[in-house]
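Overview (structure and organization)
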Amino acid sequence: MIPEIGHFALILALCVALVQGILPIYGAAVGNSGLMAVAKPAARTQFLLVLTAFGCLAYAFADKDFSVLYVAATSNSQLPLHYRLAAIWGAHEGSLLLWTFILTLWMFAVTLFSGHLPETTRSRILGVMGLVSVGFLLFMLTVSNPFERLIPAAAEGRDLNPLLQDPGMVIHPPMLYMGYVGFSVAFAFAIAALLGGNLDAAWARWSRPWTTVAWCFLTVGIALGSGWAYYELGWGGWWFWDPVENASFMPWLAGTALVHSLAVTDKRGGFKVWTVLLAIMAFSLSLLGTFLVRSGVLTSVHAFATDPKRGLFILVFLAIVIGGSLALYAWRAPKVGLGGSFAMLSREGMLLANNVLLVAAMGSVLLGTLYPLFLDALDLGKISVGPPYFDSVFVPLMVPAIFLMGIGPLAQWKKASVPDLAKRLKWAFGVSLVSALTLPIVMGNWTPLLSLGLLLAIWIVTTSAIGLRERLAHVNGNSLVERLASVPRSYWGMLVAHCGIAVFIVGVTMVKGFETEKDVRMNVGETASIGDYTFRFDGTQDVVGPNYTAARGTFHVSRDGRETTVLYPEKRRYPVQNQIMTEAAIDPGLLRDLYVSLGEPIDDGAWSVRLYHKPFIDWIWGGCFIMALGGALAISDRRYRLAWRRQEPVVPVPTRTARRKVA
Amino acid sequence: MKWVMLIILCVSGSAWAGEARPLTDDPVAEARLKHLAVELRCLVCQNQTLADSSAPLAEDLRREVREMIAKNMSDPEIIEFLVSRYGDFVLYRPPLKATTTLLWVGPFVLMAIGVTALVMTLRRRSRTVAEVSVTDEEHRRVEQLLAEGEKRS
C-alpha cells in the first residue's frame, strides 16, 4: 500500500509540475498576476508530494519490503538501517528520486527567500524549475519507477554493493546532488531573465548567493567523494579521473567560472551575456553528468545500445533543455547591453581570462571523458583516457589560471597599470619564488613539479596577504581588530576560498613529491618501517560484522620507540554478493597520514601488506572545505542579509558601487 | 651485527621480531613494474590501473610484465608488446595517432580559441562602448563622501 501511495504522489507531483511550468510563465508573458500567483503554492505542493514519495520509498527500505523491485535489488534484511536508508540512492531509480526531491527542495527554498523579487521574475524562475522537474518526474514514471512491484515478492534482497556500505555513502550523494541541482536555480534565474529581457545588475545580485550556495555544496560533495575513494578503495589514491568523477568535476569548473563572472556582473554590470551562458552551461553539465553516470553509456557504448530506453530519454531531455535554452539565448542575448567599459588589463579582464581558462579546462575534461565513447561508437577503436592524459593537459591550463588568481584581486576595476601592479606584487613574487626553490631542497627532494606547486601555493597566500593589507589601509577603525572587522565578509570569503586553493595545492604537491609506499610480506611479530614510523604486525583475528565476516589485522605503530597508534585494517567478506572488500586503516594527521591495508593471506598467518606514508594528504580535502567555508562567508555578507530582510527589489546603492571602484 | 639488532629490539621494547621482507625479491624490477603499471589499464576492471587492481587477471598481467622485465626488455618494448596483444585500450596515455589527434591538441586549441575570442571581443567592445571617464578629482570626491558616509553609519 505504502509504495502505491508513493507512486501516486509522483503522478500528482507531475500534474502539479506541469501546472507550475506552464501557467506562471504564460502569466508573466501576458501580465496576468492571477496566473503568476500559482507558482508559489504549486512549488510548495510539489515539494510536499515529492517528499511524500521519498518518505514512502524510505519506509519501504526501513520495512524491508522486498515486494518492491528496487528495494529487493539494492538492500538486504541483514543490512543495517542507516545503510538501508542510504540505499535509497544506491542505484538508478532512487538516485533520480533523490535528484527530483532535491530539485523541489531548492524550489521550496526559492519560494521562502524570494520575497524581495518582482512577481514576474519569481514566477518565471519557479516555472522554469517546474519544467525541469516535469522532465525528471516523467522519466521516473515512464522508464525508471522506484516503486515498481516485484510479484511474487523476493524472500531476500540482493543487497547493496558492499563498496557503497560506508558512511561516505550516507552523506556524499546528497551533498553532490545539492550542488548539481543547486545550479538549476542559477539556470532558472538566467532563463527567467532571458524571457523577461531584463538582465540588470539586480539579476546578478539575486542569483549570486544561490549560485555560491550550490557551489559550496558541490565542493564539499566532491571532496567527500574523493576522501571516500581514498579510504574505501584501499589503494590510497584520492582522484582517478574516472568518468564518474569527471562528471561531477565539470559542473564544478563551470560553476567556479560562473561564481566569478557573476561577481563582475553584479559589481560592474559587465559580462552579462557570458554569465548567462555560464549559468546555462553549469546546469547543462550537471544534466550531462547525470546522463553519463545513469545511462550506462560509460560502462559500454554497446550496453547503452542494447537497452536504450533510459539513455534515449535522458538524451532527448538533455537536447531539449540545452538546445532550448541555447536557442533562447541566441534569440535574446544580443539585446542585452554590454555594461561598463574596461581595458584588457583590469580586474574585469583578468576575471574574464580566468573564466576562459576554467572553461577550457572544463572542455578538456569533457573531451577526455567523451572521446573514448565517440571513438567506440564510431567503431574507430577502443582507447583508454586516464590520469596521464588529464594530468598532462589539465596542469598547463590551470597554472596560468592560478597565477592570474593572485593578480586579479589586486588589479583595479576598469583599468590597471602594469608598473603599479609590478610594484605591489614584487615582494610576493620574490618571496614565492625563493621559498618555492629552496623549500624542496631543505626537505631533501627537489623536482620541478614540486617547486611549481609550492610556487603557486605561496603565490596565492602572499598575494592574498598583500590584498588584505591594502584593504586594511582603506577601511576606517582605530585598532587592527576594528579594521579587520570592518572588512566586508564577502572579501574575507574570497580570501579564504583562494587560500583554500593554496592549501589544496600544498596537499597535492606534497603527496606527489614525498609519499612513500611499501609492499611487504609480514609474519606475525614482524616489523616494517616507512617514514619515521615502525609498524609491527600482531596477527589477524576473525570478526563478525552485522552483514559480513572479516579478518582484522592489528598493527602497532611506533616512532622512536614510542607507540603512536594502533591500526586495525580489515579484509571483509560480504556473503550476499560474495564480495571481498579491503578496509584500510588510517591514522590521519595534520602533517601526514599513515595508511595500512591488508592484501592477501600468504601462509601461517602471514599477510601481504601495503603501507603508505602520505605527507599533507589531508590538506587536499581540508583545502576543499576551506574553499566551501569561503563561499559560506561570502553569502553571509551584509548586503545579502539586508536583501533578505527588505521586501522590495534591491537597487545597488550608488555610493556602494563607487566604493568598489575605488577599492 | 645480530647483536646490535637484538639490543635495539630489546631497548625499543617490541616483540622478538624481524624486519618484514618486501613482497618481491627484486625491488628494482618492482619499481619498474610500478612505473609501468600506473599507466596501464586493468583490462577487466571498470576503470582501474594495473597498479591498483587486485583482480586475478591484473595479477596475471603483472606477472607477464615482471617476466618481460626479467628478460631485460626495455619499457618501450614492453609497451609495444602489450599494445600488439591487447590494443591501445591497455594504455591510459592514448598514443598520438590520426584518431587521437583531436584528443591531444583539443585542449590547447580550445584555449587558443578562447584567448583569441577574448582579445577580439574586448577590442571590439572597447570601440563600441562609450568611455565614461572618471577623473582623479572625482575619485577623491567619492572617497571623501564614502568616508563621511561610514562615519555617519
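Residues numbered from 1 in each chain as written. Chains lettered and ligands numbered in written order. Predicted model: local features only at pLDDT ≥ 70, side-chain atom pairs only at ≥ 80, totals over all residues.

**Describing the overall build of chain A**
- Across its full length, chain A carries 22 helices and 10 strands.
- By residue count, 53% of the 663 residues in chain A fall in the buried class.
- Taking the contacts inside chain A whose residues are at least 6 apart along the sequence as the reference set, 74% of them involve residues at least 24 apart. (Helix = DSSP H or I, 4+ residues; strand = E, 2+ residues; numbered from the N terminus. Buried ≥ 20, exposed ≤ 12 C-beta atoms within 10 Å, placed from the backbone. Contact = placed C-beta atoms within 7 Å.)

**So, the overall build of chain B**
- Across its full length, chain B holds 6 helices and 1 strand.
- Reading chain B from its N end, one meets helices and strands in the order α-β-α-α-α-α-α.
- Scored against the burial criterion, the 153 residues of chain B give a buried share of 20%.
- A separation of at least 24 residues holds for 40% of the contacts in chain B among residues at least 6 apart in sequence.

**Observations concerning the packing of helix H1 (residues 2-30) of chain A against helix H7 (residues 119-143) of chain A**
Residues and elements named next belong to chain A.
- Running from N to C, H1 and H7 point in directions that differ by 150 degrees, and their axes come no closer than 7 Å. Taken together, H1 and H7 sit at an angle that is classed as roughly antiparallel. Considering how the two elements wind past one another, H1 and H7 form a crossing that is left-handed.
- Class assignment of the residues belonging to the contact of H1 with H7 gives a composition of 16 nonpolar, 8 polar and 1 charged. (Axes fitted to C-alpha atoms, helices over the stretch in contact; angles between N-to-C directions. Parallel < 35°, antiparallel > 145°, perpendicular 65-115°, else oblique. Left-handed = near helix turned anticlockwise from the far one by under 90°. Nonpolar A, V, L, I, M, F, W, Y, C, P; charged D, E, K, R; others polar.)

**Section: the nonpolar core**
- In this structure, Ala186, Phe189, Ala254 and Ala279 of chain A are the most contacted members of the largest nonpolar core, which totals 199 residues.
- Looking at which element gives the most residues to this core, the answer is helix H8 (residues 167-196) of chain A, with 18 residues.
- Excluding anything up to four places from it in sequence, alanine 279 of chain A contacts Ala186, Phe187, Phe189, Ala190 and Leu258 of chain A.
- Of all hydrophobic cores here, the second largest spans 19 residues; its members include Phe535, Ala584 and Val609 of chain A together with Ala20 of chain B. (Core = buried A, V, L, I, M, F, W, Y, C linked by C-beta atoms within 7 Å.)

**Focus on the sheet that holds strand E10 (residues 607-615) of chain A**
- Taken in spatial order, the 5 strands of this open sheet run E8(A)-E9(A)-E10(A)-E1(A)-E1(B), and their pairing is antiparallel. The open sheet terminates on both sides in strands that have one partner only, identified here as strand E8 (585-587) of chain A together with strand E1 (21-22) of chain B.
- Summarising the sheet, strand E9 (residues 592-601) of chain A and E10 of chain A pair through 8 bridges and their orientation is antiparallel. Within the sheet, the bridge partner assigned to proline 601 of chain A lies in E10 of chain A and is tryptophan 607 of chain A. (Pairing = 2+ DSSP bridges.)

**Comments concerning the domain arrangement of chain A**
- Split into domains, chain A comes out as domain 1 (1-165), domain 2 (417-514 + 623-662) and domain 3 (516-616).
- For domain 1 of chain A and domain 2 of chain A, the distance between their C-alpha centroids amounts to 40 Å. (Domains from an automatic or database assignment.)

**Quick word on the pairing of E10 of chain A**
Residues and elements named next belong to chain A.
- Counting buried positions along E10 yields 7 of 9 residues, so the element is predominantly enclosed.
- Two strands pair when backbone bridges link them, and strand E1 (residues 516-522) and E10 are joined in this way by 7 bridges, in the antiparallel orientation. Paired with valine 520 across the two strands is valine 609, which belongs to E10.
- If you look at the hairpin formed by E9 and E10, you'll find 5 residues sitting between the two strands, and aspartate 604 has a positive phi there, around 45 degrees.

**Brief notes about the confidence of the model for chain B**
Residue and element names in this part refer to chain B.
- Per-residue pLDDT for chain B averages 76, and the proportion of residues at 70 or more is 72%.
- Averaged pLDDT values over the elements of chain B bottom out at 46 in helix H1 (residues 2-12) and peak at 90 in helix H4 (residues 75-86).
- Across residues 4-16 the pLDDT falls below 50, and counting only partners more than four positions away or on other chains, this stretch makes 9 contacts in the model.
- Scored as a whole, the predicted complex attains pTM 0.90, and scored at its interfaces, ipTM 0.82. (pLDDT = per-residue confidence, 0-100.)

**Focus: the environment of alanine 20 of chain B**
- Along the polypeptide, alanine 20 of chain B turns up in the loop between H1 and E1.
- Leaving out residues up to four positions away in the same chain, alanine 20 of chain B has contacts with Val520, Arg521, Met522, Glu526, Thr527 and Ala528 of chain A.

**Notes on the environment of alanine 60 of chain A**
Residue and element names in this part refer to chain A.
- Mapped onto the fold, alanine 60 is located in helix H3 (residues 39-62).
- Sequence separation of alanine 60 and tyrosine 70 is 10 residues, and the distance between their C-alpha atoms is 9.6 Å.
- Discounting chain neighbours no more than four positions away, the residues touching alanine 60 are Ile2, Pro3, Asp65, Val68 and Val71.

**Examining unusual backbone geometry**
- Geometrically, the link from isoleucine 151 of chain A to proline 152 of chain A is a cis peptide bond, its omega value of 0 degrees lying close to zero.
- Position of proline 152 of chain A relative to the elements: it lies in the loop between H7 and H8.
- With a phi close to 50 degrees, tryptophan 241 of chain A is a non-glycine residue in the positive phi region.
- Tracing the backbone through its elements, the reader meets tryptophan 241 of chain A in the loop between helix H9 (201-232) and helix H10 (243-268).
- A positive phi angle, near 70 degrees, is found at asparagine 72 of chain B, a position not held by glycine.
- When you line up the elements, asparagine 72 of chain B lands in the loop between helix H3 (56-70) and H4.
- Here asparagine 72 of chain B falls in the exposed class, since 7 other C-beta atoms lie within 10 Å of it.

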